[in-house]
Amino acid sequence: MKLKLLFSLIALLFISVSATYASFPVQRTTTNNVTVVEESHEELSSPAVAASGKSQLIALLLCFFVGGLGIHRFYLGYTWQGVVQLLTLGGCGIWALIDLIRIITGDLEPKNGSYSSTL
């Protein structure tokens, strides 16, 4: 029963973390009735996600309270490292402790830049 619950929670985590991105060509008609097709290979995301930054305090609290599950790694954008940390329970707590120190010192930053608000 416990194993079934564990697998259900892991499946729920994978479903909630995974995201799909749509990429499609944009067709525009100019004043000369010429159709121009532009293709963009950038990932699309909502404006709220693009505008929101990552807080060092939130990452620190996530690492402190649920560091063994690697939730702070998901928050910072390191999905694969979060999955590995989840499966190994934070490297038996050692990896989570190292991440806690790295977040406090500012060495562990978000994947796509720096923190919008620091300690």
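Refer to the preceding data block for the structure.
Please read all numbers here as calculations on a predicted model, not as lab measurements.

A. Layout of the pattern of salt bridges. For the coordinates displayed, the defined rule picks out two salt bridges. One salt bridge in this structure joins aspartate 99 and arginine 73, with 2.9 Å as the shortest N-O distance. Note that aspartate 99 is positioned in helix H7 (residues 94-105) and arginine 73 in helix H4 (residues 71-76), a separation of 26 residues in sequence. Each member of the pair, aspartate 99 as well as arginine 73, carries the same accessibility label: buried. Residue aspartate 107 pairs with arginine 102 through a salt bridge whose shortest N-O separation is 3.0 Å.

B. Broad picture of the environment of leucine 62. Structurally, leucine 62 can be placed in helix H3 (residues 56-66). Distance from leucine 62 to leucine 100, taken between C-alpha atoms, is 9.3 Å for residues 38 residues apart in sequence. Not counting the four nearest positions on each side in its chain, leucine 62 is found in contact with Gly67, Ile71, His72 and Tyr75.

C. Structural context of the nonpolar core. In terms of nonpolar packing, the biggest core is built from nine residues, these being Ala59, Leu60, Cys63, Leu76, Tyr78, Leu100, Ile103, Leu108 and Tyr115. Counting only elements with at least two residues in this core, the list comes to H3 and H7. In terms of residues, this core owes the most to one element, H3, which gives three residues. Those residues in contact with leucine 76 that lie beyond four places of it in its chain are Ala59, Leu108, Pro110, Lys111 and Tyr115.

D. Inspection of the side chain of aspartate 99 at higher detail. Judged by relative accessible area, aspartate 99 falls into the buried class, the value being 0%. Setting aside anything within four residues of it in sequence, one finds aspartate 99 in contact with Cys63, His72, Arg73, Gln85 and Leu108.

E. Region of interest: H3. Along H3, the residues that are buried comprise Gln56, Ala59, Leu60 and Cys63. Viewed along the axis of H3, the buried residues span an arc of 100°, placing them on a single side of the element. On its buried face, H3 is in contact with H4 and H7. Its side-chain oxygen placed 3.3 Å from the backbone nitrogen of leucine 57, serine 55 serves as the N-cap of H3.

F. Main features of helix H5 (residues 79-87). By the burial criterion, the buried members of H5 are Gly82, Val83, Gln85 and Leu86. Looking straight down H5, one finds that the buried residues subtend no more than 165° of arc, so they occupy a single side. Opposite its buried face, H5 presents the exposed residues Trp80 and Leu87, each directed more than 90 degrees away. At the C-terminal side of H5, leucine 89 shows a positive phi close to 55°.

The rules behind the values
Residues numbered from 1 in each chain as written. Predicted model: local features only at pLDDT ≥ 70, side-chain atom pairs only at ≥ 80, totals over all residues. Heavy atoms only, no water. Salt bridge = Lys/Arg side-chain N within 4 Å of Asp/Glu carboxyl O. Helix = DSSP H or I, 4+ residues; strand = E, 2+ residues; numbered from the N terminus. Buried < 20%, exposed > 50% of the residue type's maximum accessible area, 1.4 Å probe, protein only. Contact = heavy atoms within 4.5 Å. Core = buried A, V, L, I, M, F, W, Y, C linked by side-chain atoms within 4.5 Å. Arc of directions from axis to C-beta. Polar contact = N/O pair within 3.5 Å; in protein donor to acceptor, adjacent residues only side chain to side chain.

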